[in-house]
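Structural characterization, general
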Amino acid sequence: MKSAKSYIEKNKERFLDELVELLKIPSISADSAYKKDVLKTAEAVKKQLAKAGCDSVEICETPGYPIVYGEKMIDKKLPTILVYGHYDVQPPDPLDLWDSPPFEPVIKKTKLHPEGAIFARGSCDDKGQMYMHVKALEYMTSTNQLPCNVKFMIEGEEEVGSSSLEWFVTKNRKKLANDVILISDTGMIAKDVPSITTGLRGLSYVEVEVTGPNRDLHSGLYGGAVANPINILTKMIASLHDKNNHITIPGFYDDVQNLSKKEREKMAEAPFNLKDYEKALDIDAVYGEKGYSTNERNSIRPTLDVNGIWGGYIGEGAKTVIASKAFAKISMRLVPNQDWKKITELFKNHFESIAPEGVRVKVKPHHGGQAYVTPIDSLGYKAAEKAYEETFGKTPIPQRSGGSIPIVALFEKELKSKTILMGFGLDSDAIHSPNEHFGVWNYLKGIETIPQFYHFFTEMSK
Ligand code: BES
Ligand code: MN
Ligand code: MN
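Quick notes on the rules
- Residues numbered from 1 in each chain as written.
- Chains lettered and ligands numbered in written order.
- Predicted model: local features only at pLDDT ≥ 70, side-chain atom pairs only at ≥ 80, totals over all residues.
- Heavy atoms only, no water.
- Near = heavy atom within 4 Å.
- Polar contact = N/O pair within 3.5 Å; in protein donor to acceptor, adjacent residues only side chain to side chain.
- Areas by Shrake-Rupley, 256 points an atom, 1.4 Å probe, with all protein chains shown as cover.
- Phe/Tyr/Trp six-rings, centres within 6.5 Å; stacked < 30°, edge-to-face > 60°.
- Buried < 20%, exposed > 50% of the residue type's maximum accessible area, 1.4 Å probe, protein only.
- Donors = N, O, S within 2.8 Å, 3.2 Å for Na, K, Ca; no water.
- Tetrahedral: all angles 85-135°; square planar, octahedral: opposite > 155°, others 65-115°.
- Helix = DSSP H or I, 4+ residues; strand = E, 2+ residues; numbered from the N terminus.
- Patch = residues over 30% accessible without salt bridge, like charges linked within 9 Å, V, L, I, M, F, W, Y side chains within 5 Å.
- Salt bridge = Lys/Arg side-chain N within 4 Å of Asp/Glu carboxyl O.
- Core = buried A, V, L, I, M, F, W, Y, C linked by side-chain atoms within 4.5 Å.
- Contact = heavy atoms within 4.5 Å.
- Domains from an automatic or database assignment.
- Buried area = accessible area lost by both parts, 1.4 Å probe.
- Nonpolar A, V, L, I, M, F, W, Y, C, P; charged D, E, K, R; others polar.
- Bend = angle between axes of the 7 residues up to and from the residue.
- Disulfide = S-S within 2.5 Å.

You'll find the protein chain entered in an unreviewed UniProt entry as Peptidase dimerization domain protein, with Aequorivita soesokkakensis given as the organism.

Right, here's the structure in full:
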């Protein structure tokens, strides 16, 4: 495979313009007010896949948002790569913390991105990274270098749990048959430290509701005499961690796969600077489970975090009131071997059991998924390693990530193939946060590296 460098150089303005157009559509899957825009984004992706050289492209209806499917099959005897990505994005709020509107992309230089970065919701997660694959395909087809078959499956519900994709995959095992799955929806250590994500955490997401009296009460007349749901909820939540920051839910750690000393030592070799990490977040110290390093805490250890908490009066000034109800949304990040449905059940039972008299507690499970780890001796991993060596001039470091793409474990179960996570984002790209961005350099480097993966994977499959 020839280097895509000069093709990219010639076409980079257009590559950026096309991504900018895609980023202008607010495809927020969580908010039904944006339904039209989500659907419009699916159409736009379909159009671009056809332009990039797919022979057949379709919008596949599901019980939820559609899946854009495209393929170019050149020879049944050659391997098939299945590319997965998502065209939906996270809600952009809080809007006032954005320096420019989330759906009016702008390219600005930053310290880490002197070549410029595209600021917009979805620029990195995942429209920008997904679109690298569309442009890599364009390069390969227009220069007659596509070495194998390719299938694209781009969904619109990743940020809300991929439930339609699960339905789609189990119904279309044959259509989706492949030799390897390729995803760019993760990050890498640094621009000069390429890495391949070898693990993703699982997830269990729940919402809890604590109800006290049947109506909001005067906090003077009733204060001290009835259970205050907000006081109780915060107490219950606080009790979910002990003084060492271990999670107290009975059985929570039972199935956790512990890493050997050797594996942990290997992990500790990855470049990491604690001071820089703290500085980037403006914190004076890190915080977490005793006995584990920061990198371990956010990748190989399970966690429990409140994602949102509300109830009572939060308007201007003061209102003296005891709210009737208090709520929280809680996520648990899980590691290999922990079953998300079992964990959800353990949480529910425990949370209900610690409710004191005077309140009623409801636990509502949202969604979840299993964790994933991929070996570094698979064909796909080795091909990816070679691809990075070609374009970065360095061997990439295998790294387990703390994020989740729950569908990846399902792919392995249903489609029996390994997933290779070639992510080109940086932790500082602020995915899910205000001012999300994606480096222009990273975007183009992805487009350059992906065709090399196709090449090496095909060669090594022979
Ligand atoms: N692309 C992310 C996951 C990710 C990001 C993994 C960076 C590793 C590194 C994905 O879009 C995402 O946000 N996933 C959700 C889970 C989903 C069920 C809402 C997550 O991790 O919170
Ligand atoms: Mn994503
Ligand atoms: Mn995301």
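This is not the end of the story, as more comes after the structure.
Time to look at the site of ligand 1. Lining the immediate environment of ligand 1, one finds 17 residues, of which Glu158, Asp185, Arg333, Ser404 and His432 sit closest. At 2.7 Å, a side-chain N or O of His432 approaches an oxygen atom of ligand 1. Relative to its unbound accessible surface of 520 Å², ligand 1 loses 88% to contact with the protein.

Under the definition given, this model contains 13 aromatic pairs. Their ring planes at 80° and their centres at 5.3 Å tell us that Phe252 and Tyr253 sit as a pair that is edge-to-face. Tyr253 sits in the partly exposed class, given a relative accessible area of 22%. An aromatic cluster is built from Tyr388, Phe392, Phe424 and Trp441, whose rings are joined through pairwise contacts.

Further remarks concern the coordination of the manganese ion (ligand 2). Within the protein, the atoms that donate to the manganese ion (ligand 2) are His86 (NE2), Asp125 (OD), Asp185 (OD) and Asp185 (OD), at distances of 2.0 to 2.4 Å. If you look at the manganese ion (ligand 2), its 6 donor atoms make angles of 57 to 166° with each other, and the shape they trace is irregular. Spacing between the donor residues of the manganese ion (ligand 2) along their common chain follows H-x38-D-x59-D. Between the two metals, the manganese ion (ligand 2) and the manganese ion (ligand 3), the spacing is 3.6 Å, and Asp125 donates to both. Here the residue Asp125 occupies a position in the loop between β5 (117-119) and α3 (127-142), and Asp185 occupies one in the loop between β7 (180-183) and β8 (195-200), the gap between them amounting to 60 residues. For the pair Asp125 and Asp185, one class covers both residues: buried.

Attention now moves to a nonpolar patch on the surface. Nonpolar side chains collect at one region of the surface, where Leu221, Tyr222 and Val226 lie side by side and expose about 280 Å² of accessible area between them. Turning to its location among the elements, Val226 is positioned in the loop between β10 (217-218) and α5 (229-238). Owing to a relative accessible area of 32%, Val226 belongs among the partly exposed residues under this scheme.

Counting residues in each nonpolar core, the largest one holds 60 residues, and the members touching the most others are Ile81, Tyr87, Phe152, Met422, Tyr443, Phe453 and Tyr454. Elements with a minimum of two residues in this core: α1 (5-23), α2 (35-51), β3 (80-86), α3, β6 (149-155), β7, α10 (379-392) and α12 (440-461). The element that contributes the greatest number of residues to this core is α12, accounting for 9 residues. Residues within four places of Tyr454 in sequence aside, it is in contact with Ile81, Val83, Met140, Leu146, Pro147, Cys148, Val150 and Leu182. Among the nonpolar cores identified, the runner-up in size contains 25 residues, and Leu334, Phe347, Phe351 and Val363 belong to it.

What follows covers the domain arrangement of the protein chain. Per the domain assignment, the segments making up the protein chain are domain 1 (5-200 + 371-460) and domain 2 (206-256 + 302-369). On a C-alpha basis, the centres of domain 1 and domain 2 stand 36 Å from each other. Facing 9 residues of domain 1, the contacting portion of domain 2 comprises 7 residues. In total, domain 1 and domain 2 occlude about 580 Å² of area from one another, counting both sides; carbon and sulfur atoms represent 57% of this. Taken together, the connections running from domain 1 to domain 2 amount to 0 salt bridges. Linking domain 1 with domain 2 are 1 residue pair in polar contact (both at pLDDT 80 or more), by the criterion used here. Across the side of domain 1 that touches domain 2, the residue classes tally to 4 nonpolar, 4 polar and 1 charged.

Structurally, the α-helix is built with 3.6 residues per turn, so residues lying three or four positions apart point the same way. If you look at α1, its biggest bend is around 65°, right at Asn11. If you check which residues of α1 are buried, you get Tyr7, Ile8, Asn11, Phe15, Leu16, Glu18, Leu19, Val20, Leu22 and Leu23. On the buried face of α1, the contacting elements are α2, β4 (106-108), β5, α3 and α12.

Considering all chains together, one arrives at 25 salt bridges under this definition. Its salt-bridge partner being Arg264, residue Glu296 comes within 2.7 Å of it at the nearest N-O pair. You can see Glu296 sitting in helix α8 (residues 294-297) and its partner Arg264 sitting in helix α6 (residues 261-268), a full 32 residues away along the chain. Relative accessible area serves as the criterion here: at 7%, Glu296 is assigned to the buried category. Take Arg264: its relative accessible area is 28%, and that puts it in the partly exposed class. Between Lys348 and Glu352 there is a salt bridge; the shortest N-O distance is 3.0 Å. Of this pair, Lys348 and Glu352 both sit in helix α9 (residues 340-353), 4 residues apart, roughly one helical turn.

Under the defined criterion, the tally for this structure stands at 0 disulfides. Unpaired in terms of disulfides, Cys60 finds its nearest cysteine sulfur in Cys54, a separation of 12 Å. A relative accessible area of 8% means that Cys60 is categorised as buried.

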